[in-house]
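Residue-level listing of the chains:
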Amino acid sequence: MRVRVQAEPFDYGAECASFGQGGRDVGAVVTFLGVVRDDKGTLARMEIEHYPGMTEKAIAAIVEEARTRWTLADVLVIHRHGALVPGEAIMMVATAARHRAAAFAAAEFLMDYLKSRAPFWKKEFGPDGAEWVAAKDADEDALRRW
């Protein structure tokens, strides 16, 4: 299990290539890459804030919950902070399990948690200034299914 919260970019291809390797009991690897999107076509950048130490601890706790719900061989969560522009990778989730159902379910669970509950604060900057990103009902609905 690895949780990384970092400002610097990560190499998604390299992370995918090395994740889940060497496990003879691994039958499925699921990966997800979250990218900064520009819904309105005016986003200059997004800034993500967090409290070091607290954020990693919160994510590690939810990873541990995923590991109790599903039999997982490995988990990787990477989430960036700082200034990001549209098209940049913002986060990655990877799960490895004996069977695909567990790998997919655990990955979705982790992604829903990261979107709705992980202690990150996002501010978008555009031509009209800066605006904090509010929680979305759809994200809360997704989290409730767990």
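Reading the values: the criteria
Residues numbered from 1 in each chain as written. Predicted model: local features only at pLDDT ≥ 70, side-chain atom pairs only at ≥ 80, totals over all residues. Heavy atoms only, no water. Buried < 20%, exposed > 50% of the residue type's maximum accessible area, 1.4 Å probe, protein only. Helix = DSSP H or I, 4+ residues; strand = E, 2+ residues; numbered from the N terminus. Pairing = 2+ DSSP bridges. Polar contact = N/O pair within 3.5 Å; in protein donor to acceptor, adjacent residues only side chain to side chain. Contact = heavy atoms within 4.5 Å. Axes fitted to C-alpha atoms, helices over the stretch in contact; angles between N-to-C directions. Core = buried A, V, L, I, M, F, W, Y, C linked by side-chain atoms within 4.5 Å.

Caption draft 1: Layout of the pairing of strand E3 (residues 45-50). Because side chains alternate across E3, one face comprises the buried residues Met46, Ile48 and His50, and the other comprises Arg45, Glu47 and Glu49, none of which is buried. Two elements, E3 and strand E7 (residues 120-126), share six bridges in a ladder whose sense is antiparallel. Note that in E7 the partner of Glu49 across the bridge is Trp121. Taken together, the three bridges between E3 and strand E5 (residues 82-84) define a ladder with antiparallel strand orientation.

Caption draft 2: Molecular detail of the side chain of Arg80. Topologically, Arg80 is positioned in strand E4 (residues 72-80). Taking relative accessible area as the criterion, Arg80 reaches 4% and is therefore assigned buried. Looking at Arg80, its side chain comes within polar contact range of the main-chain oxygen of Ala89, at 3.0 Å. Leave out the neighbours within four places in its chain, and Arg80 touches Gln6, Ala7, Glu8, Pro9, Phe10, Ile48, Glu88, Ala89, Ile90 and Phe120.

Caption draft 3: Structural view of the sheet that holds E3. Strand order across the open sheet formed by four strands is E5-E3-E7-E8, with antiparallel pairing between neighbours. Only two strands of the sheet have a single partner each, and these edge strands are E5 and strand E8 (129-132). Strand-to-strand twist in this sheet, taken as the mean axis angle between neighbours without regard to direction, amounts to 25 degrees.

Caption draft 4: Fine view of the nonpolar core. Residues Ile59, Trp70, Val93, Leu110 and Leu114 are the most contacted members of the largest nonpolar core, which totals 33 residues. At the level of elements, strand E2 (28-35), E3, helix H2 (54-69), E4, strand E6 (89-97) and helix H3 (100-116) are the ones that each hand at least two residues to this core. Excluding residues within four positions of it along the chain, Ile59 makes contact with Val3, Val5, Val77, Tyr113, Leu114, Ala118 and Phe120. Counting eight residues, the second-largest nonpolar core is a separate cluster that includes Phe10, Phe19, Ala89 and Met92.

Caption draft 5: Structural view of the environment of Leu114. Position of Leu114 among the secondary structure elements: in helix H3. When the C-alpha positions of Leu114 and Ala58 are compared, they lie 9.8 Å apart, and in sequence the two are 56 residues distant.

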